[in-house]
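Below, each chain spelled out in residue letters.
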Amino acid sequence: MISDTSAWRALEKHWKDMAGQSLLALFNHDPSRCTRFGLDACGIHLDFSKNLINEETLGLLLALAESADLASWKERLLAGETVNNTEGRSVLHMALRNRGGRAYHAGGADVMSGVRAVLDRMRVFSGEVRSGRWLGYTGRSITDVVSLGIGGSSLGPKMACQALRPYQTPALRVHFVSNVDGADLSQVLAALDPETTMFIVASKTFTTQETLTNAKSARDWCLTKLGNSAAVARHFVAVSTNRDAVSAFGIDPKNMFEFWDWVGGRYSLWSAIGLPLALAIGMDRFDELLDGAHAMDEHFITAPASQNMPLILGLLGIWYNNFGAVSTQAIIPYDQNLRDFPTYLQQVDMESNGKRVTRDGELIGYATGPVVWGQPGTDAQHSFFQLIHQGTRIVPVDFILPLRSHHLLGDHHAKLAANALAQAQALMRGRTEGEARAELEAAGMSPDDIEALLPHRVFPGNRPSNMLLVDQLTPYALGALIALYEHKVFVQGVIWGVNSFDQWGVELGKQLAGKILKGFADEAEVADTDASTADLIVRYKAMAET
Ligand code: F6P
């Protein structure tokens, strides 16, 4: 296991040296720190100078990546080997955005011709709908698209549609429904006209309870209003790997966009799962998203280790997670349109690396995936930043800031940017007792009041953060940003020795929900259940029957 290597032990020892260091002192000692600990790739600038690291730290972390054999895992990924060993699958999302001549194979067969064929179909279909040429059952053009999917079949396109709102046309609105809670679908449908609404049923397996329940209710809504099952062909398309189930649902396989089992759900935005985004921004812009991701892929594959942005980002996470005993990672975009980015990354990161056994099934004795969370600044500053500044826990933060806004509104963007920079600065420098005292004295406070208030006004500082700058949130920049985090998660998974591409942890709850659902109708189905769940079932039924 990686924790038995000398590289790991050297880092454990090194953390003890670094933990007592002051970031401010490190900067005072070496003002060029932000040049040495800064990287540029694919339009992203990463300033990682505000981390508790020095050159030795980086060297030791890079040695850890070598001990984990990262280079050969990259090769296996690119070669289409079944790196998703528990599902026996290749992991080829890079093929979906492969804009160059690189060959990708799964099971020895080329995948690129299929990828290109689906992209071509997406171009034709999105062009038809966006131009108004695709007509609904009653001959009217489509004004609203509703994507029905959950998890990886929803979070990516939903996040990206929001992120790229400035590229959308008001003539075509795209909505997302994921929750099996009827409130989600009902509230979206309430404002829509079935004659002008198109549904995309997005499900890799086409068996997911939430998505199929929403799809059936959407089909009922459509047919009730349009009165003929022939309407389904004009108002429903599917994105799936499961042709038979799509047909059985009543969607014409001609209206199905295919993808493949070597595309993991949370890595599927680049496939036809991105269809809602292609409809929202057009296929040329969707291509730019793929270009940005592809550029980051090539950077990850070819850049030397010390210049490799996803590798460095992944190693910094490992530094705190495994040597600083920090179990969390905040993602704070200073861009309102990136509001869904932390949620999207939660799945990418936590579903990938939230594992407790190695690829070979051995129990792991060190921390794996952190708790990932966040929300956009400046709102986050007024909710949970108190804890990040003065709480007892260390929370490493990734700040993400586009330097130019799409919204030229007075001095809003200057204020937004100033806040982003100030938060990173405040976390690093903190406020000493002396500074706090001077401030209170200047405000004319009595000595007794100063003594009482002083401990509350001190900020410990020395709290780590990364700053990621992009010129503007374009499709290209977004593609590069997402791919950066995907590769970061891969790097960390390799070092922890886990399979980052399965998600068995979501299965048990699904199975038990199926059983309990049956138990609502037939007590015998849950006769063997525990007392607590049995009591809750009784309470639910009593209320549901009134
Ligand atoms: O949440 C579990 C999960 O399997 C995700 O990995 C996946 O993205 C999601 O469910 C949806 O699955 P499907 O696309 O098959 O409906």
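Residues numbered from 1 in each chain as written. Predicted model: local features only at pLDDT ≥ 70, side-chain atom pairs only at ≥ 80, totals over all residues. Heavy atoms only, no water.

Caption draft 1: Expanded view of the overall build of the protein. Scanning the protein from N- to C-terminus turns up 23 helices and 13 strands. A globule of 546 residues ought to have a C-alpha radius of gyration of about 24 Å, and the protein, at 26 Å, matches this closely. Projecting the C-alpha coordinates of the protein onto the three principal axes gives extents of approximately 80 × 60 × 60 Å. Here the protein holds 546 residues, and the buried ones make up 52% of them. Residue pairs at least 24 apart in sequence account for 74% of intrachain contacts in the protein once pairs closer than 6 positions are excluded. Total accessible area on the protein stands at roughly 23500 Å², and carbon and sulfur atoms take up 53% of it. The centroid of the 48 positive side-chain charges in the protein is displaced by 3 Å from the centroid of its 60 negative side-chain charges. (Helix = DSSP H or I, 4+ residues; strand = E, 2+ residues; numbered from the N terminus. Rg over C-alpha atoms; globule rule 2.2 N^0.38 Å. Buried < 20%, exposed > 50% of the residue type's maximum accessible area, 1.4 Å probe, protein only. Contact = heavy atoms within 4.5 Å. Areas by Shrake-Rupley, 256 points an atom, 1.4 Å probe, with all protein chains shown as cover. Lys, Arg positive; Asp, Glu negative; His and termini not counted. Charge placed at Lys NZ, Arg CZ, Asp CG, Glu CD.)

Caption draft 2: Region of interest: the packing of helix α4 (residues 55–67) against helix α15 (residues 309–323). Close contact between α4 and α15 brings their axes to 10 Å; oriented N to C, the two are set at 100 degrees. With respect to their mutual orientation, α4 and α15 come out roughly perpendicular. Contacts between α4 and α15 involve Thr57, Leu58, Leu61, Leu62, Leu64 and Ala65 from the former and Leu311, Ile312, Leu315, Ile318, Trp319 and Phe323 from the latter. Class assignment of the residues belonging to the contact of α4 with α15 gives a composition of 11 nonpolar, one polar and no charged. (Axes fitted to C-alpha atoms, helices over the stretch in contact; angles between N-to-C directions. Parallel < 35°, antiparallel > 145°, perpendicular 65-115°, else oblique. Nonpolar A, V, L, I, M, F, W, Y, C, P; charged D, E, K, R; others polar.)

Caption draft 3: Geometry of the sheet that holds strand β13 (residues 465–472). Spatial strand order, β1-β2-β13-β12-β10-β11: six strands in an open sheet with mixed pairing. Looking along the sheet, the strands with just one partner apiece sit at the ends: β1 (38–41) and β11 (371–373). Neighbour-to-neighbour, the strand axes of this sheet turn through a mean angle of 15 degrees, independent of strand direction. This element, helix α18 (residues 412–429), spans β12 (397–404) and β13 of the sheet and lies at about 150 degrees to β12. (Pairing = 2+ DSSP bridges.)

Caption draft 4: Quick look at unusual backbone geometry. Across the junction of Gly377 and Thr378, the peptide omega takes the value 10 degrees, indicating a cis bond. Here Cys42, not a glycine, exhibits a phi torsion of approximately 50 degrees, which is positive. Mapped onto the elements of the fold, Cys42 is located in the loop between β1 and β2 (44–47). Classification of Cys42 by relative accessible area gives buried; the value is 18%.

Caption draft 5: Local environment of the sheet that holds strand β5 (residues 144–148). The strand order across the open sheet formed by five strands is β6-β5-β7-β8-β9, and the pairing between neighbours is parallel. Since the sheet does not close on itself, it has two edges, and those belong to β6 (173–177) and β9 (256–258), each with one partner. Geometrically, the sheet is characterised by an average inter-axis angle of 20 degrees between neighbouring strands, direction not taken into account. Judged from the four bridges that link them, strand β7 (residues 197–202) and strand β8 (residues 236–240) form a sheet pairing that is parallel. Bridge pairing in β8 places Phe199 opposite Phe236. Together, β5, β6, β7 and β8 form the strand contacts of helix α10 (residues 209–226), whose direction differs from that of β7 by roughly 160 degrees.

Caption draft 6: View of the site of the ligand. If you check the shell around the ligand, you find 14 residues, and the closest are Gly152, Ser153, Ser203, Thr205 and Thr208. Contact distances for the ligand include 2.6 Å between an oxygen atom and a side-chain N or O atom of Ser153. The separation between an oxygen atom of the ligand and a polar side-chain atom of Ser203 is 2.6 Å. Considered on its own, the ligand offers 390 Å² of accessible surface; in the complex 86% of this is hidden by protein. For the shell around the ligand, a count of residues per class yields two nonpolar, nine polar and three charged. (Near = heavy atom within 4 Å. Polar contact = N/O pair within 3.5 Å; in protein donor to acceptor, adjacent residues only side chain to side chain.)

Caption draft 7: Structural detail: the packing of aromatic side chains. Per the stated rule, a full pass over the model turns up 23 aromatic pairs. On the numbers, 6.3 Å between centres and 50 degrees between planes, the contact of Phe236 with Phe249 is tilted. One end of the pair, Phe236, is in strand β8; the other, Phe249, is in helix α12 (residues 243–249), and 13 residues separate them in sequence. This pair shows no difference in class: Phe236 is buried, exactly as Phe249 is. In textbook terms, an aromatic cluster arises when at least three aromatic residues are bridged by ring pairs, as seen for Trp8, Trp15, Trp319, Tyr320, Phe323 and Tyr366. (Phe/Tyr/Trp six-rings, centres within 6.5 Å; stacked < 30°, edge-to-face > 60°.)

Caption draft 8: Local environment of α18. Compared with an ideal rise of 1.5 Å per residue, which puts 18 residues at 26 Å, α18 spans 26 Å between its outermost C-alpha atoms and is within 8% of the ideal. Looking only at α18, the buried set comprises His413, Leu416, Ala417, Ala420, Gln423, Ala424, Leu427 and Met428. Burial along α18 is one-sided: seen end-on, the buried residues are contained in an arc of 135 degrees. In α18, the exposed residues that point more than 90 degrees away from the buried face are His412 and Ala414. Where α18 is buried, its residues contact α2 (23–29), α17 (385–390), β12 and β13. At the exit of α18 stands Gly430, carrying a positive phi of roughly 60 degrees. (Expected span 1.5 Å × (residues − 1). Arc of directions from axis to C-beta.)

Caption draft 9: Helix α23 (residues 531–544), seen in detail. An ideal rise of 1.5 Å per residue puts 20 Å on 14 residues; α23 measures up with 20 Å between its terminal C-alpha atoms. Where α23 starts, the residue carrying a side-chain oxygen 3.2 Å from the main-chain nitrogen of Ser532 turns out to be Asp530.

Caption draft 10: Looking closely at the nonpolar core. Judged by nonpolar contacts, the single largest core of 128 residues is most densely connected at Met122, Trp262, Trp319, Phe341 and Leu478. It is helix α21 (residues 475–496) that provides the largest number of residues to this core, a total of 14 residues. If you look at the next biggest cluster of nonpolar residues, it comprises 24 residues, including Val201, Phe206, Ala215 and Ile251. (Core = buried A, V, L, I, M, F, W, Y, C linked by side-chain atoms within 4.5 Å.)

Caption draft 11: Representation of the pattern of salt bridges. In this structure the tally under the stated criterion is 30 salt bridges. Residue Arg102 is joined to Glu298 by a salt bridge in which the shortest nitrogen-to-oxygen separation is 2.9 Å. Placement of Arg102 in the loop between α6 (93–96) and β3 (105–106) and of Glu298 in helix α14 (residues 283–302) is noted, with a sequence separation of 196 residues between them. By relative accessible area, Glu298 is classed as partly exposed at 22%. (Salt bridge = Lys/Arg side-chain N within 4 Å of Asp/Glu carboxyl O.)

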